Structure formats: structure tokens, C-alpha cells
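Remarks on the overall topology
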Amino acid sequence: MKKILIVTEYFYPEEFKINELAQEWKKKGYDVDILTQTPTYPYGEIFENYRNKWFSKESYEGMTIYKVKAVTGYKTSLFKKLLKYVSFMILGSMVSLKIGKRYDYVFGFDVGALTGMVPAIILRQFYKKPVTLWIQDIWPDSVYAYGFRKTKILELFLNSFVKYVYSNTSNFAISAKGFEKKLLPYTNVKKEIFYAPNWADYLNKDLEKFSFSNDTKIHFTFAGNIGMVQNLDNVIEAFGRLDYEFLNKAQLNIIGDGSYLEKLKSNVNENDFKNIIFWGRKPREEIYKYLEASNFLIVSLIDKEIFSLTVPAKTQTYIAAAKPIIAIINGEAAEIIKENELGLVCKPDNIEEIKSTFTVAINSSNEERNKYMKNAEFLTNIVFKKEIIIDNLLQLLKRG
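Because the structure is a prediction, the values reported are computed rather than measured. (Residues numbered from 1 in each chain as written. Predicted model: local features only at pLDDT ≥ 70, side-chain atom pairs only at ≥ 80, totals over all residues. Heavy atoms only, no water.)

1. Concerning unusual backbone geometry
- Omega for the peptide link from tyrosine 12 to proline 13 comes to 10 degrees, which places this bond in the cis form.
- Its place among the elements puts proline 13 in the loop between strand 1 (3-7) and helix 1 (17-27).
- A cis amide bond links tyrosine 41 to the next residue, proline 42, at an omega of 15 degrees.
- If you trace the backbone, proline 42 turns up in the loop between strand 2 (31-37) and strand 3 (55-60).
- Positive phi is not limited to glycine here, since asparagine 49 has a value of about 75 degrees. (Helix = DSSP H or I, 4+ residues; strand = E, 2+ residues; numbered from the N terminus.)

Next up, the structure:
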């Protein structure tokens, strides 16, 4: 039986696509183990019933999870966040070198800092193991996008580090097509780069019906992580500026939690914006009832080049929910919505354009919305089907 080691900063009980992928590969007859850290996401604290040991292991769905100590408190501290990345890189690498020789394939789930992939790529260096990375975020671009100033020293360090990681990778899967041109400068030989988008979250459609309000309104919903890059400042301001005749017909629902939530709540209160409701974080298994109760679902990111290459994972979940989408974003995600006629698109940095898009949506007919919904159902069954993507990733891993 072939053995696969998955290296990821995040794993069950944290909620990421890698959980489903590992389980499906296990069902296909592979011996799958995971190297990760003690679960802390998204609150930055150790999950209940878990102990933050330097090293531990446990069994999950017939797989062994190797865990290393996690840094906590990173939600409100940049220093601790950086320490968290470095900690997993070092501790994970120590464990990786100890256990890695027994595996036939190594798969890295690159969902955050690229430092988290070092425990995977050193197995190619030391033991000549084939290593595949599934890239969800691009370095060094995302480092600068999150506010780090691009100095010559930082640029030299990051470029050297990225080249070290990518040059020691066998092949790549990318979650957005635009990532390919960002990868190429850092690989010294021609390597396979395969498009493997995220699939939709599982949606339990048997849940009890939910309603956001007793009044008949057009409901706009954002669901997901609430950080600075989600551009909700502009979304809220545009919605809050709607003329009374439109504002009275609509409600903006924000579901989720994150480092920027309190800032947004203060913004709404200070400006006395109406019909904007914060619902807090909801269990992933219940999210469909909130999406189903919505008329339009919002995907939004700030206007930075790196984010124009990114397709937020929620996009596929929105499509699977078969609801019209408002894409307040540039680049690839906007193109998916436009080309497949899934909803409306506007520029993320133009308040008036966002406001106008809300107005168009409020005035849209049932016939227009039904067209968007039918197109979403077709796309879900063809392009973003989970079983196809997981099998494609397995074949890529074996080609490494």
C-alpha cells in the first residue's frame, strides 16, 4: 500500500478542504498520514479538549495525525503570527525528517505562509521524495499585500526563500489560473503546473428553512472570514449610502468572524448605517440555510494585484448554493462570474460603482436571478465537482 504524507498548518478539527481530500485518498486505498500543528484556527487559541504539546499524535478516520506545538494569541499580535509560522517550519521539519523516509509521496497544502511548506520540501532534499504543493496563496506577493513594505533586503530574502521552496518541489497544483505566471520565475526547470480549483463546501440542503427578517426584502449576504483584505469597508459604505427607496427594500447580512469585525461594527454604528446586520460566526454544516435565505451572495477582496489572481474558496460554495453572486473584486474571480453569467461584477475600489450594483440587484427581476441560478448549477456539476478535483490531485501527486 502506497504511503502519503500530507503537510499542512491546518487540519481537523479546523475546517479546510484538506480534511476532505485526506479522507477521500484514504478511501481509495492509500495509507495517509498528516503532519500539522495543534489546532488554533480561527480564534488563535487551543481547541477544547486538546493539549498544546511539543509533539503528539492521534488517530483520525484511520489516519495518523502528527502534531507539533502551536503559537497562540496570533489573532491580535503580528509578532506572534510571525512566530507561529517560523515555529511550524522548524518543529514540523524536525518531525518530518524523523518520519518522512517511510512515505512514497509528500503533499503540501499551501494555504497560508510558504514557510509551512518547508517540512514537505526538505523530504525531497534529504530523501528524494516526490513533493507536490497545492498552492492557495502566492508568495512573495501576498506578503506585500498584507502591508509589509517592499524594501530591497526583504525582497532579496523573500525571493531567495520562494525560489528555494519552489525549486525543491516536483510539481504544482494551483487553485487559480493566474498563479502560473507568478510561479514560473522561481522554478529553474520546466515543471508541471496543474489547475485544481477549490470545490464547494458540503451543503446540507435538508436544514430547516431560515429567514433573515420578517419583512420582504432583497437580502445580500457575505459569509466567511472578516479581515482587512475582504474589502467590507467599501461594501458597507456603498450599501449604507443607498437612497432610501432602495435601502428600505434591502438588507446586508454579514456572517463570520475575524480580526476586522469590531472595526466594521464601529463603522456601522458611527455612521448610523441602516439594515446592516452582523450575525457572527455560524457552524459550517449550517451555512446553507443562510445562503439559501439570501437573494445575492457577496464575494469581495481589496484592490491588490495578488488578489486579482485569487479565487476565494467561498466563490465555489456560493456557486454550489445556486444563488446570484455580486463579485466586488478584480481579476479571475470576476471573470468566472462574468463569463458564466452568474451575477453582477463591480470594481472593489469604486464606492459609487458598488452602490450602483446594489441598486441594479435590488431592481433585478426573478427571471434574471433564475438565469444566474441555472448557470451556477451547471458549473457546479462540470468544473467544480469535488470528486473530479480530488482524483486529479491524486494523479498529479503520483506523476511527481
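Okay, back to it.
2. Side note on the sheet that holds strand 1
- In space, the eight strands of this open sheet follow the order 3-4-2-1-5-6-7-8, with mixed pairing throughout. The two strands at the open ends of the sheet, each matched to only one other strand, are strand 3 and strand 8 (193-195). The average angle at which neighbouring strand axes cross in this sheet is 20 degrees, direction not considered.
- Of the strand pairs in this sheet, strand 1 and strand 5 (residues 105-110) are connected by four bridges, and their pairing is parallel. Bridge pairing in strand 5 links valine 7 to glycine 108.
- Across the sheet, helix 2 (residues 78-99) is in contact with strand 1, strand 2, strand 3 and strand 4 (63-68); its angle to strand 2 comes to roughly 145 degrees. (Pairing = 2+ DSSP bridges. Axes fitted to C-alpha atoms, helices over the stretch in contact; angles between N-to-C directions. Contact = heavy atoms within 4.5 Å.)

3. Looking at helix 16 (residues 386-399)
- With 14 residues, helix 16 should reach 20 Å at 1.5 Å per residue; the first-to-last C-alpha distance of 20 Å fits that figure.
- Those residues of helix 16 lying buried are Ile389, Ile390, Leu393, Leu394, Leu396 and Leu397. Along helix 16, the residues classed as buried sweep out an arc of 160 degrees about the axis, all on the same side.
- Tucked inside the fold, the buried residues of helix 16 contact strand 1, helix 1, strand 5, strand 6 (131-135), strand 7 (171-174) and strand 8. (Expected span 1.5 Å × (residues − 1). Buried < 20%, exposed > 50% of the residue type's maximum accessible area, 1.4 Å probe, protein only. Arc of directions from axis to C-beta.)

4. Regarding a nonpolar patch on the surface
- A surface patch of nonpolar side chains, about 250 Å² in accessible area, is lined by Leu78, Leu82 and Phe148.
- Considering the arrangement of structural elements, one finds phenylalanine 148 in the loop between helix 4 (141-145) and helix 5 (152-167). (Patch = residues over 30% accessible without salt bridge, like charges linked within 9 Å, V, L, I, M, F, W, Y side chains within 5 Å. Areas by Shrake-Rupley, 256 points an atom, 1.4 Å probe, with all protein chains shown as cover. Salt bridge = Lys/Arg side-chain N within 4 Å of Asp/Glu carboxyl O.)

5. Overview of the packing of helix 3 (residues 118-127) against helix 5
- At a closest axis distance of 9 Å, the pairing of helix 3 and helix 5 adopts a crossing angle of 55 degrees. By the angle between their directions, the pair helix 3 and helix 5 is classed as oblique. Counted together, Val118, Ile121, Ile122 and Gln125 of helix 3 and Phe161, Tyr164 and Val165 of helix 5 form the full contact between these two elements.
- Residues that form the contact of helix 3 with helix 5 fall into these classes: six nonpolar, one polar and no charged. (Parallel < 35°, antiparallel > 145°, perpendicular 65-115°, else oblique. Nonpolar A, V, L, I, M, F, W, Y, C, P; charged D, E, K, R; others polar.)

6. Re the packing of helix 7 (residues 232-240) against helix 14 (residues 351-363)
- In contact at an axis separation of 8 Å, helix 7 and helix 14 are set at 60 degrees when each is read in the N-to-C sense. By the angle class used here, helix 7 and helix 14 are oblique. Relative to helix 14, the crossing made by helix 7 is right-handed. Contacts from Asn234, Val235, Glu237, Ala238 and Phe239 in helix 7 reach Ile351, Ile354, Lys355 and Phe358 in helix 14.
- Of the residues contributing to the contact of helix 7 with helix 14, the split by class is six nonpolar, one polar and two charged. (Left-handed = near helix turned anticlockwise from the far one by under 90°.)

7. As for the confidence of the model for the chain
- For the chain, the average pLDDT comes to 91, and 100% of its residues sit at 70 or higher.
- Within the chain, strand 1 carries the highest mean pLDDT (98), whereas helix 11 (residues 305-308) carries the lowest (76). (pLDDT = per-residue confidence, 0-100.)

8. Quick word on the pairing of strand 2
- Across the seven residues of strand 2, seven count as buried, placing the element largely inside the fold.
- The side-chain alternation of strand 2 yields two buried faces, one formed by Asp31, Asp33, Leu35 and Gln37 and the other by Val32, Ile34 and Thr36.
- Where strand 1 meets strand 2, five bridges bridge the pair, whose relative direction is parallel. Within the sheet, the bridge partner assigned to lysine 3 lies in strand 2 and is aspartate 31.
- In this view, the connection linking strand 1 to its parallel neighbour strand 2 by way of helix 1 has right-handed handedness. (Right-handed = clockwise from strand over helix to strand, strands pointing away.)

9. Quick word on the environment of proline 348
- You can see proline 348 is positioned in the loop between strand 14 (343-346) and helix 14.
- The buried category is assigned to proline 348, whose relative accessible area is 1%.
- C-alpha of proline 348 to C-alpha of alanine 327: the two residues are 21 residues apart in sequence and 8.6 Å apart in space.
- In this structure, proline 348 is in contact with Asn231, Asn234, Leu301, Ile302, Asp303, Ile328, Ile329, Asn330 and Ile354, ignoring residues within four places of it in sequence.

10. A word on the pattern of salt bridges
- In the structure shown here, the tally under the stated rule is 20 salt bridges.
- Linking glutamate 15 and arginine 284 is a salt bridge whose minimum nitrogen-to-oxygen distance equals 3.4 Å. One end of the pair, glutamate 15, is in the loop between strand 1 and helix 1; the other, arginine 284, is in the loop between strand 11 (276-280) and helix 10 (287-292), and 269 residues separate them in sequence.
- By relative accessible area, arginine 284 is classed as partly exposed at 27%.
- The salt bridge involving aspartate 141 is made with lysine 182; its shortest N-O contact spans 3.0 Å. Of the two residues, aspartate 141 sits in helix 4 while lysine 182 sits in helix 6 (residues 180-183), which places them 41 residues apart along the sequence.
- Relative accessible area serves as the criterion here: at 17%, aspartate 141 is assigned to the buried category.
- Each member of the salt-bridge network shares a partner with another, and the members are Glu15, Arg281 and Arg284.

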